[in-house]
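Survey of secondary and tertiary structure
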Amino acid sequence: MRTAAIVRKTNETSVEIRLNLDGEGTGEINTGIGFFDHMLTLFAKHSGIDLYVNAKGDLDVDGHHTIEDTGIALGRCLKDAFGDKAGIRRYGSALIPMDETLAEVAVDLSGRSFLVFHGAFTAEMAGTFPLEMVEEFFRAVASQGELNLHINLRYGKNNHHMAEAMFKAFAHAVKEAKTIEGEAILSTKGVLE
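Residues numbered from 1 in each chain as written. Predicted model: local features only at pLDDT ≥ 70, side-chain atom pairs only at ≥ 80, totals over all residues. Heavy atoms only, no water.

Pairing within the open sheet is mixed, and its 4 strands lie in the order β1-β2-β4-β3. Among the strands making up the open sheet, the edge pair consists of β1 (3–9) and β3 (27–30). Pairwise comparison of adjacent strand axes, ignoring direction, gives a mean angle of 5° for this sheet. The sheet contact formed by β3 and strand β4 (residues 50–57) spans 4 bridges and is parallel. For Ile 29, the partnering residue across the bridge sits in β4 and is Val 53. (Pairing = 2+ DSSP bridges. Helix = DSSP H or I, 4+ residues; strand = E, 2+ residues; numbered from the N terminus. Axes fitted to C-alpha atoms, helices over the stretch in contact; angles between N-to-C directions.)

Structure (structure tokens):
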């Protein structure tokens with residue numbers, strides 16, 4: 001089973017994450033930020049990853065530390081769960097519409113961290129979630145998960161839809177990339193690191 005767990009504690013946050021790459025898409029999420037819980041729950045559902053997240057942070061300051069540290073912990077969990085990546089498809093992409101919005105995500109589980117993010121929101125907040133943190137969350141996941149991640153918001157007007165389409169597209173891209181197709185590592189180098 002491709003599973004992982006991590007507990008990350010700092011002076012600002014405490015984040016516990018458990019995941020199963022080969023789950024049923026169940027999510028048990030509690031970050032104290034309702035919109036973020038919604039995004040992580042739909043990530044679990046659409047990726048087919050069982051995901052448990054319990055994050056406590058300095059929300060009296062704002063959501064920045066909680067969101068970023070959750071991204072760091074999620075990235076590390078994904079990296080651990082993938083192990084040596086033998087047999088995986090490695091690449092995944094998705095083009096996801098949500099009403100007036102269209103988001104595109106491509107991922108390479110390459111072992112090399114890189115984020116390209118093209119998406120501009122027209123509001124500052126979605127509930128108590130600062131929308132500028134969408135990019136920071138994905139940067140943390142890509143960095144710690146050692147993913148090559150490209151996120152492009154092609155267009156959209158509703159900020160909720162825009163963020164949700166990005167998270168759903170990320171989920172579907174990961175679902176494709178994590179698929180087992182054989183036993184070999186898909187690299188002429190013989191390793192993905």
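Relative to the helices and strands, His 161 is located in helix α4 (residues 159–177). What makes His 161 buried here is its relative accessible area of 15%. One polar contact links His 161 to Glu 100, side chain to side chain, over a distance of 2.9 Å. Setting aside its immediate chain neighbours within four residues, His 161 contacts Met 98, Asp 99, Glu 100 and Thr 101. (Buried < 20%, exposed > 50% of the residue type's maximum accessible area, 1.4 Å probe, protein only. Polar contact = N/O pair within 3.5 Å; in protein donor to acceptor, adjacent residues only side chain to side chain. Contact = heavy atoms within 4.5 Å.)

Attention now moves to helix α2 (residues 64–82). With 19 residues, α2 ought to run about 27 Å at 1.5 Å a step, and its terminal C-alpha atoms sit 27 Å apart, in line with that. Counting buried positions over the 19 residues of α2 gives 14, a clear majority of the element. In the stretch just after α2, Gly 83 is the one whose phi turns positive, near 55°. (Expected span 1.5 Å × (residues − 1).)

This part is about unusual backbone geometry. The residue Arg 90 is not glycine, and still its phi comes out positive at about 80°. Positionally, Arg 90 belongs in the loop between α2 and β5 (91–98). A positive phi angle, near 55°, is found at Asp 99, a position not held by glycine. Relative to the helices and strands, Asp 99 resides in the loop between β5 and β6 (101–108).

Two elements in contact, helix α3 (residues 133–145) and α4, have axes separated by 11 Å at closest approach and are oriented at 15°. Here α3 is positioned roughly parallel relative to α4, judged by the angle of their axes. As α3 packs across α4, the resulting crossing turns out to be right-handed. Only Ala 163, Met 166, Phe 167 and Phe 170 of α4 make contact with α3, whose side of the interface consists of Val 134, Phe 137, Phe 138 and Val 141. By residue class, the composition of the contact of α3 with α4 is 8 nonpolar, no polar and no charged. (Parallel < 35°, antiparallel > 145°, perpendicular 65-115°, else oblique. Left-handed = near helix turned anticlockwise from the far one by under 90°. Nonpolar A, V, L, I, M, F, W, Y, C, P; charged D, E, K, R; others polar.)

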